[in-house]
Amino acid sequence: MDRKEILSHVDHTQLKAYATWEDIKKLCEEAMKLHTASVCVPPCYIKRIKEEYPDLNICTVVGFPLGYSVTEAKAAETKKALEDGAGEIDMVINITDVKNGDYDAVEREIRTLKEITGEKILKVIVETCYLTEEEKIRLCEIVTRAKADYIKTSTGFGTAGASLEDIRLFWEHIGPEVKMKAAGGIRTKEDMEAYLQEGCERIGSSAAGKI
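Read on for an overview of the structure.

About the cut-offs
- Residues numbered from 1 in each chain as written.
- Predicted model: local features only at pLDDT ≥ 70, side-chain atom pairs only at ≥ 80, totals over all residues.
- Heavy atoms only, no water.
- Helix = DSSP H or I, 4+ residues; strand = E, 2+ residues; numbered from the N terminus.
- Contact = heavy atoms within 4.5 Å.
- Salt bridge = Lys/Arg side-chain N within 4 Å of Asp/Glu carboxyl O.
- Buried < 20%, exposed > 50% of the residue type's maximum accessible area, 1.4 Å probe, protein only.
- Pairing = 2+ DSSP bridges.
- Axes fitted to C-alpha atoms, helices over the stretch in contact; angles between N-to-C directions.
- Phe/Tyr/Trp six-rings, centres within 6.5 Å; stacked < 30°, edge-to-face > 60°.
- Lys NZ or Arg CZ within 6 Å of the ring centre and 35° of its normal.

Digging into the environment of Ile 203
Here Ile 203 lies in strand 8 (residues 202-205). Placed 20 residues apart in sequence, Ile 203 and Ala 183 show a C-alpha to C-alpha distance of 5.9 Å. Discounting residues that sit within four places of it in the chain, Ile 203 has contacts with His 9, Val 10, Asp 11, Lys 181, Ala 182, Ile 186, Met 192, Tyr 195 and Leu 196.

Below, the structure is given as structure tokens:
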């Protein structure tokens, strides 16, 4: 798999709490040069990126990184992000709902955000490092029923990131319309290639410029 093909699947990411505009500009310039799938950035930078880099596909995060904000807040975040120019939304589920066994609430929230995003892409971050295998399987089923576009492993801010084992588990339990995104700890060309070969459509990484 050549570099160009790999990069076409990468969401080039800068989500550090202290990311400056200079950091974001560097990310955008790299993304344009490398032809990555998107830039994944904090919501506060969407509008400025859209003005200065109108051709870039902008991905942003909602309910990030812990996921336990209420659905109404996530809905407002999503609407504002789309208004500002985002083309893709990566939402974090409410993991407390999962741990409380309230899977109906998780599904309702995903459906609510998908209604808002419409034809735009919605990726659902389940944060695998906090989940049991049974919970991961249930979430694969929920993401499928809620008609989200992607299931995503991690925020990159949890206790662990992506693993090939989780991607293989997802592959067994998601519906045919759901794609997979791996994120968290993916830093080399070899890592990226391994996840793509396991069926991932997207890779979240800040390391695109290094490969």
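Here's the deal with the pattern of salt bridges
Evaluation of the coordinates by the stated rule reveals 20 salt bridges. The salt bridge involving Asp 90 is made with Lys 152; its shortest N-O contact spans 2.9 Å. Of this pair, Asp 90 sits in strand 4 (residues 88-92) while Lys 152 sits in strand 6 (residues 150-152); the two residues are 62 residues apart in sequence, bridging distant segments of the chain. Per residue, the accessibility class of Asp 90 equals that of Lys 152, and both read buried. Note that Arg 168 and Glu 198 form a salt bridge whose closest N and O atoms lie 3.1 Å from each other. Here Arg 168 is found in helix 8 (residues 164-173), whereas its partner Glu 198 is found in the loop between helix 9 (189-197) and strand 8, with 30 residues between them in sequence. The partly exposed category is assigned to Glu 198, whose relative accessible area is 26%. The network of salt bridges with common partners includes Asp 11, Glu 88, Asp 90, Lys 123, Lys 152, Lys 181 and Arg 202.

Here's the deal with the sheet that holds strand 1 (residues 10-13)
Sheet strands line up and pair through hydrogen bonds in the backbone, either parallel or antiparallel. Taking strand neighbours around the barrel as the criterion, the 8 strands line up as 1-2-3-4-5-6-7-8 in a closed arrangement whose pairing is parallel. Neighbour-to-neighbour, the strand axes of the sheet open up by a mean angle of 25°, direction not taken into account. Two elements, strand 1 and strand 8, share 3 bridges in a ladder whose sense is parallel. Bridge pairing links His 12 to Ser 205 in strand 8. Set on the sheet, helix 8 makes contact with strand 6 and strand 7 (179-183); between it and strand 7 the angle comes to about 165°.

Things to note about the packing of aromatic side chains
Using the criterion set out here, one finds 2 aromatic pairs in the structure. Considering the side-chain rings of Phe 64 and Phe 157, the 5.2 Å spacing of their centres and the 85° angle between planes classify their relative orientation as edge-to-face. You can see Phe 64 sitting in the loop between strand 3 (58-62) and helix 4 (71-84) and its partner Phe 157 sitting in the loop between strand 6 and helix 8, a full 93 residues away along the chain. Note on Phe 64: relative accessible area 22%, which makes it partly exposed. Here Phe 157 falls in the partly exposed class, since its relative accessible area comes to 45%. The ring centre of Tyr 150 lies 5.8 Å from the NZ or CZ of Lys 123, which sits over that ring. The positively charged end of Arg 138 is found above the aromatic ring belonging to Tyr 103, 4.0 Å away from the centroid.

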